[in-house]
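Each chain, written out:
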Amino acid sequence: MLNIIKSFVAILKIEIEDLAADVELMMNECQKKKDAGKITDYVYLENMALYRHELLAVRSFARLLESTELSNFETLDALITYLQESFREAGYVRAINICVERKMKKVAGYVSR
């Protein structure tokens, strides 16, 4: 079981890095739209504040994942439950929680095959 948990974490780290890259891409696109005059300063600032918060949340989850002692979990489900509850308690925007939970579900399905 520990091998499945280790595989889950290794793949999830890659998925979380990908999610962070997606948020950074949205930030870059928002900057381009502002520079091109397609959005107002107000919309730009609101969007960037949200993106920064989402990026902070993704990075926070990555730190949670990195600091979690895998040997404390007997099953993959126990680890997933711990990660979900710990991340929800952090109070980040709901949308990023959904994204992270989807990534966990995707990877869990992959390693459980």
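Student: Could you clarify how one ought to interpret the overall build of the protein in this entry?
Tutor: Helices and strands together make up the secondary structure of the protein, namely four helices and zero strands. In the protein, the succession of α and β elements from N to C terminus is α-α-α-α. The C-alpha extent of the protein, read off along each of the three principal axes, is 55 × 25 × 20 Å. In the protein, which comprises 113 residues, the proportion classed as buried is 36%. Contacts in the protein between residues far apart in sequence, at least 24 positions, make up 72% of those at least 6 positions apart. Accessible surface, the protein as shown: approximately 7,100 Å² in total, 52% of it carbon and sulfur. Placing the 16 positive and 17 negative side-chain charges of the protein at their respective mean positions leaves the two points 5 Å apart.

Student: Which parts of the structure should I look at to understand the packing of helix α2 (residues 41-67) against helix α3 (residues 76-89)?
Tutor: Describing two packed helices takes the angle between their axes plus the distance from one axis to the other. Remark: α2 packs on α3, axes separated minimally by 11 Å, with the N-to-C direction vectors making an angle of 140°. Our classification of the angle between α2 and α3 gives oblique. Regarding α2 and α3, the two cross each other, and that crossing is right-handed. Between α2 and α3, the residues in contact are Ala57, Phe61, Leu64 and Leu65 and Tyr82, Leu83, Ser86 and Phe87, respectively. In terms of residue class, the contact of α2 with α3 is made up of seven nonpolar, one polar and no charged.

Student: Can you help me understand the state of the cysteines in this one?
Tutor: By definition, a disulfide links the sulfur atoms of two cysteines through a covalent bond. All told, the structure shown has zero disulfides when counted by the stated rule. Residue cysteine 30 stays outside any disulfide, its sulfur separated by 17 Å from that of cysteine 99, the closest cysteine.

Student: Would you explain the pattern of salt bridges in this entry?
Tutor: Side chains that carry opposite charge are capable of pairing whenever their charged atoms lie near each other. The tally for this structure, following the rule as stated, stands at eight salt bridges. The salt bridge involving lysine 13 is made with glutamate 66; its shortest N-O contact spans 2.9 Å. A residue pair is termed long-range when its members are at least 10 positions apart, and lysine 13 in helix α1 (residues 2-35) and glutamate 66 in helix α2 qualify at 53 residues. A residue is classified by how much of its surface remains accessible, and glutamate 66, at 55% relative accessible area, is exposed. One salt bridge connects aspartate 41 with lysine 34, and the closest N-O pair in it is separated by 3.9 Å. What you see here is one network of salt bridges that share partners, running through Glu15, Asp18, Lys103 and Lys106.

What counts and how
- Residues numbered from 1 in each chain as written.
- Predicted model: local features only at pLDDT ≥ 70, side-chain atom pairs only at ≥ 80, totals over all residues.
- Heavy atoms only, no water.
- Helix = DSSP H or I, 4+ residues; strand = E, 2+ residues; numbered from the N terminus.
- Buried < 20%, exposed > 50% of the residue type's maximum accessible area, 1.4 Å probe, protein only.
- Contact = heavy atoms within 4.5 Å.
- Areas by Shrake-Rupley, 256 points an atom, 1.4 Å probe, with all protein chains shown as cover.
- Lys, Arg positive; Asp, Glu negative; His and termini not counted.
- Charge placed at Lys NZ, Arg CZ, Asp CG, Glu CD.
- Axes fitted to C-alpha atoms, helices over the stretch in contact; angles between N-to-C directions.
- Parallel < 35°, antiparallel > 145°, perpendicular 65-115°, else oblique.
- Left-handed = near helix turned anticlockwise from the far one by under 90°.
- Nonpolar A, V, L, I, M, F, W, Y, C, P; charged D, E, K, R; others polar.
- Disulfide = S-S within 2.5 Å.
- Salt bridge = Lys/Arg side-chain N within 4 Å of Asp/Glu carboxyl O.

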